[in-house]
Amino acid sequence: MRYAMAMDTSLCVGCADCVVACQTENNVPEGYCRDWIVENVDGTYPLLDLEIRSERCNHCEDTPCVRTCPTGASHVIEGGIVKVTHEECIGCGACIESCPYDARYFHPDGYVDKCTFCDHRVAAGDTTACVSVCPTHALTFGDLHDSESEISKLLATRKYKVLAEEAGTKPQLYFLT
Amino acid sequence: MKERLFTSGRNMLDIDPVLHAWHWEIPAYLFLGGLAAGLVFFSSFYYLRGKEDKMPIAVKVAPFVAPIAIIIGLIFLLLDLKHKLYFWQLYTTIRLDSPMSWGAWTLGIVMPLSIIWPLLYLDDLKKYFWNKNIIIYEIIDWLEGLINDFDFTKSLLGWLKENQKVIAWANIILSVILGVYTGILLSAFNARPLWNTAILGPLFLTSGISTAAATIMWMTNDHYERIRFSRIDLWLIAVELFLITHMFMGLTAGTQASAEAASLFMGGPYTAVFWIGVVAMGLLLPATLEIMELIGFKIPIAIPAFLILVGGALFRFVMVDAGQLSRYFFQ
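Conventions used here
- Residues numbered from 1 in each chain as written.
- Chains lettered and ligands numbered in written order.
- Predicted model: local features only at pLDDT ≥ 70, side-chain atom pairs only at ≥ 80, totals over all residues.
- Heavy atoms only, no water.
- Axes fitted to C-alpha atoms, helices over the stretch in contact; angles between N-to-C directions.
- Helix = DSSP H or I, 4+ residues; strand = E, 2+ residues; numbered from the N terminus.
- Parallel < 35°, antiparallel > 145°, perpendicular 65-115°, else oblique.
- Contact = heavy atoms within 4.5 Å.
- Nonpolar A, V, L, I, M, F, W, Y, C, P; charged D, E, K, R; others polar.
- Polar contact = N/O pair within 3.5 Å; in protein donor to acceptor, adjacent residues only side chain to side chain.
- 1 Å grid on protein atoms, 1.4 Å probe; cavity = no way out; pocket = protein on both sides within 12 Å on 5 of 7 lines; lining within 4 Å.
- Points joined across faces, edges and corners; volume = space filled by probe spheres on them.
- Buried area = accessible area lost by both parts, 1.4 Å probe.
- Salt bridge = Lys/Arg side-chain N within 4 Å of Asp/Glu carboxyl O.
- Pairing = 2+ DSSP bridges.

### A look at the packing of helix 10 (residues 223-252) of chain B against helix 11 (residues 256-263) of chain B
Residues and elements named next belong to chain B.
Thinking step 1. Viewed as axis vectors pointing N to C, helix 10 and helix 11 meet at an angle of 135°, and their least axial separation amounts to 7 Å. Between helix 10 and helix 11, the crossing angle belongs to the class labelled oblique. Of helix 11, the residues touching helix 10 (which contributes Phe248, Leu251 and Thr252) are Ser258, Ala259 and Ala262.
Thinking step 2. Residues that form the contact of helix 10 with helix 11 fall into these classes: four nonpolar, two polar and no charged.

### As for the side chain of A:Arg2
All names here are of chain A.
Thinking step 1. In this fold, Arg2 is placed in the segment before strand 1 (3-8).
Thinking step 2. In this structure the side chain of Arg2 is engaged in a polar contact, spanning 3.4 Å, whose partner is the side chain of Glu61.
Thinking step 3. For Arg2, the residues in contact, after removing those within four places along its chain, are His59, Cys60, Glu61, Gly79, Gly80, Gly142, Asp143, Leu144, His145 and Gln172.

### A short note on the layout of surface pockets
Thinking step 1. Its volume calculated, the largest pocket comes out at about 580 Å³.
Thinking step 2. Around the largest pocket, the lining comprises 23 residues; the ones closest to its centre are A:Val38, B:Thr7, B:Pro17, B:Arg327 and B:Phe330.
Thinking step 3. Of all the secondary-structure elements, those providing two or more residues to the lining of the largest pocket are strand 2 (36-44) and strand 3 (47-55) of chain A together with strand 1 (4-8) of chain B.
Thinking step 4. Top contributing element to the lining of the largest pocket by residue count: strand 2 of chain A, with four residues.
Thinking step 5. Its residues assigned to classes, the lining of the largest pocket comprises eight nonpolar, five polar and 10 charged.

### Section: the interface of chain B and chain A
Thinking step 1. Taken together, the contacts link 44 residues of chain B with 53 residues of chain A.
Thinking step 2. With both sides pooled, the region where chain B packs onto chain A buries about 4,000 Å², and carbon together with sulfur makes up 55% of that total.
Thinking step 3. Considering only the surface of chain B that becomes buried against chain A, B:Arg10, B:His83 and B:Phe330 emerge as the three largest contributors, covering 16% of it.
Thinking step 4. With its nearest N and O atoms 4.0 Å apart, the salt bridge here joins B:Arg192 to A:Glu97.
Thinking step 5. Sorting the residues of the side of chain B that touches chain A by element identifies strand 1 and helix 4 (99-119) of chain B as the ones contributing at least two each.
Thinking step 6. Ranked by residues supplied to the side of chain B that touches chain A, first place goes to strand 1 of chain B with five residues.
Thinking step 7. Class assignment of the residues belonging to the side of chain B that touches chain A gives a composition of 20 nonpolar, 12 polar and 12 charged.
Thinking step 8. Relative to strand 1 of chain B, strand 2 of chain A runs antiparallel, the two sharing four bridges. Counted as the bridge partner of A:Asn40 is B:Thr7 from strand 1 of chain B.

So this is what it looks like as structure tokens:
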């Protein structure tokens, strides 16, 4: 199994419903978020290009955060989901420094927190909170090893990019363009 | 040309808009760790060369600074942790992939060893502090009395003295690991292009040993030892300048991300503090003063020593701070 997410930049309207859904589902403290919206405007007026993205942990194949964690609190579970065991985390910040996507943050309780691909929902056969609420169906979550999954089909037919590929982490968040 | 007109993102205070997970604690520790590593290295090196009497301060006196520096450094490291009560989790596993893990283990071994060394030279420490600082003298005297009160501690110290060569060899290896570790700790983060260069290990090691040499030449009254360490320090400064040049050559010739990291020091916000504060005031000026001293001018040794120590500390603050600004830019 290899879980991944596809994000259709042409469908996203930046409503931030995914952000709120995640905060509610995962009890993310106020002032923090595990996923977020980025808006870019490129070009020279009047030839402008707008791209809106919903970003989160890339659940990389090659995980610098897990490599640099001194206690083993950061780890990879079934399906390639990167998680943090709160009781093993000492809050040293090594994983935060090692993430090219700044996807991790210090929870006010001290440990490091991040997107879990809603593994508690996925284990129950459901999809992630952000995907389930997206009003334009811009987000797709699924198993890349299953060639019949919706995400496999999307990646087979659509053009896509990943962020900061040159950082060498093999990110698993695909942005359909 | 495609031009970025507007970007909006999230706003989490610790991370956005630029990462700032590490504050003053980490560079302060890196400085103290490097200083301790250098002091431990010199003491063991000259002890093994049989220069105990020619280099009295380096071998017998200065190493007492090392455990103090390490303990203060460890306190700083603990302060930096956000989940402090769980710090012991560091010592439940060994993860060779993580520099912070083997660094923590190295510190765990170096710290007791660095305490043992000055205990072997309590008499010399007393002599050194006799007319310098009566409070420290009394503390050492009390400690010596305490050790002599019990047969067990007395015989343990005797046994350690007999095996001092083994301790010295362990010290040399561990101090180099500790010195390199202060740099490798940063190199391991490929997400921060400024740090992600293998040269940081040798660079931080050289800088740490240089601050230790400055400390020893500041402490010593012995002319031969002072001249000796002045010369060593000059060599170390030369190596440091060589490594810094290579670091920037590597960064500017690298990918866009590393070139942008180098530009933080070449026109960017850290240009003045790095080239004036670290390179000119912390390396070139003390080197000039030391050369003048060696030629025969009378220069109070405290000035170059102080400049080197401040320069070494500033170097670490700048590198840790700037490194967190450097990142991958994605569109």
